[in-house]
Amino acid sequence: DITDKKNTENALKESEELFKNLIELAPYGIILNDREGRHLLVNKAYCIDSGFEANELIGKTHEEIGLKFKEGSIHFMREEIRNKGFFKNFETSYQSKNGNIVYCLYSSKILQINDQKAVLTSSVNITDKKKIENELEKYRDHLEKLVKERTDELAAINEELSATNEELYAQK
């Protein structure tokens, strides 16, 4: 029946439009790679984080575009995908196109798309969080240094007071 076919086609178009908008509007990076690591799909958030335009990424691997990940990261992610078929919240960093270091949590899973295996990855940018953590660590280290200096000063003063107290007690 033609009406059923039209309804099915419309439902498919709506589903595709919803999927496309979900991917594009997501506030975190979404990447679809083939088994060789070539980018098949990237969303706007990933393009912003990496500094590349989508057309610079599609059809190319990280290596081909010069995206430099923290040493061992790519190997680890590929091994996890190969051995388990997925991984979640792997923290790593890479150097973006403009030279900035971007810290991310990656999660990936193997999917079957058109009889081909592909890897779907989400990338949550945690660069701001890492900067705040580093600043807090600096403040904590500085505070610990100040506390140690003050404790040493107080210990020296306490020794002086004890010595003075002993002198005064001996004079009695």
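Look a little higher up for the structure.
Residues numbered from 1 in each chain as written. Predicted model: local features only at pLDDT ≥ 70, side-chain atom pairs only at ≥ 80, totals over all residues. Heavy atoms only, no water.

Novice: Help me out: how do you make sense of the layout of surface pockets in this one?
Specialist: One water molecule sets the probe size; rolling that probe over the atoms shows where empty space is left. Put simply, the largest pocket is a space of about 380 Å³. Lining the largest pocket are 17 residues, with Gly 37, Met 77, Arg 78, Ile 81 and Val 119 sitting closest to its centre. Here the lining of the largest pocket gets five residues from one element, more than from any other, and that element is helix α5 (residues 73–84). Of the residues that constitute the lining of the largest pocket, the class distribution is seven nonpolar, five polar and five charged. (1 Å grid on protein atoms, 1.4 Å probe; cavity = no way out; pocket = protein on both sides within 12 Å on 5 of 7 lines; lining within 4 Å. Points joined across faces, edges and corners; volume = space filled by probe spheres on them. Helix = DSSP H or I, 4+ residues; strand = E, 2+ residues; numbered from the N terminus. Nonpolar A, V, L, I, M, F, W, Y, C, P; charged D, E, K, R; others polar.)

Novice: I tried to follow the state of the cysteines on my own but got confused; where do I start?
Specialist: Any covalent bond linking the sulfur atoms of two cysteines counts as a disulfide. For the structure shown, the criterion picks out zero disulfides. Its sulfur unpaired, Cys 47 is 13 Å from the next cysteine sulfur, which belongs to Cys 104. By relative accessible area, which is 14% here, Cys 47 ends up buried. (Disulfide = S-S within 2.5 Å. Buried < 20%, exposed > 50% of the residue type's maximum accessible area, 1.4 Å probe, protein only.)

Novice: How should the pairing of strand β1 (residues 29–34) be read in this particular structure?
Specialist: A regular strand carries its side chains on alternate faces of the sheet. In terms of burial, β1 is a largely internal element, six of the six residues being buried. Every second residue of β1 is oriented toward a common face, with Gly 29, Ile 31 and Asn 33 on one face and Ile 30, Leu 32 and Asp 34 on the other, all of them buried. Sheet topology note: the β1/strand β6 (residues 116–125) ladder contains six bridges and is antiparallel. Residue Gly 29 lies in a different strand from β6, and its bridge partner there is Ser 123. Summarising the sheet, β1 and strand β2 (residues 39–42) pair through three bridges and their orientation is antiparallel. The residue bridging Leu 32 from the neighbouring strand is Leu 41, located in β2. (Pairing = 2+ DSSP bridges.)

Novice: Which parts of the structure should I look at to understand the side chain of Thr 61?
Specialist: Along the chain, the position of Thr 61 falls in the loop between α3 (54–57) and α4 (62–65). At 3.3 Å, the side chain of Thr 61 forms a polar contact with the side chain of Glu 63. Not counting residues up to four positions away in its chain, the partners in contact with Thr 61 are Glu 36, Gly 37, Arg 38 and His 39. (Polar contact = N/O pair within 3.5 Å; in protein donor to acceptor, adjacent residues only side chain to side chain. Contact = heavy atoms within 4.5 Å.)

Novice: Can you help me understand α5 in this one?
Specialist: An α-helix turns once per 3.6 residues; consequently, residues spaced three or four apart project the same way. In this model α5 runs 16 Å from its N-terminal to its C-terminal C-alpha over twelve residues, within 8% of the 16 Å that 1.5 Å per residue would give. Inspection of α5 places Ser 73, Ile 74, Met 77, Glu 80 and Ile 81 among the buried residues, and these make up the whole buried set. Taken end-on, α5 shows its buried residues confined to a sector of 135°, consistent with a single buried face. In α5, the exposed positions angled more than 90 degrees off the buried face are occupied by His 75, Arg 82 and Asn 83. Looking at the buried side of α5, the elements it contacts are α4, β3 (68–69), β4 (86–95), β5 (101–113) and β6. Looking one or two residues past α5, Gly 85 carries a phi angle of roughly 90°, positive in sign. (Expected span 1.5 Å × (residues − 1). Arc of directions from axis to C-beta.)

Novice: How should unusual backbone geometry be read in this particular structure?
Specialist: Excluding glycine, a negative phi dihedral is what most residues carry, and trans is how most peptide bonds are arranged. For Asn 89, which is not glycine, the phi dihedral falls at a positive 50°. Of note, Asn 89 is situated in strand β4. By relative accessible area, Asn 89 is classed as exposed at 52%. Residues other than glycine seldom take positive phi values, yet Asp 115 does so here, at roughly 60°. In this structure, Asp 115 sits in the loop between β5 and β6. Relative accessible area serves as the criterion here: at 71%, Asp 115 is assigned to the exposed category.

Novice: Looking at this model, I keep getting lost on a nonpolar patch on the surface. Mind explaining?
Specialist: A cluster of nonpolar side chains, namely Ile 132, Leu 136 and Tyr 139, defines an oily patch on the protein surface of about 360 Å² accessible area. Given the relative accessible area of 53%, Ile 132 is considered exposed. (Patch = residues over 30% accessible without salt bridge, like charges linked within 9 Å, V, L, I, M, F, W, Y side chains within 5 Å. Areas by Shrake-Rupley, 256 points an atom, 1.4 Å probe, with all protein chains shown as cover. Salt bridge = Lys/Arg side-chain N within 4 Å of Asp/Glu carboxyl O.)

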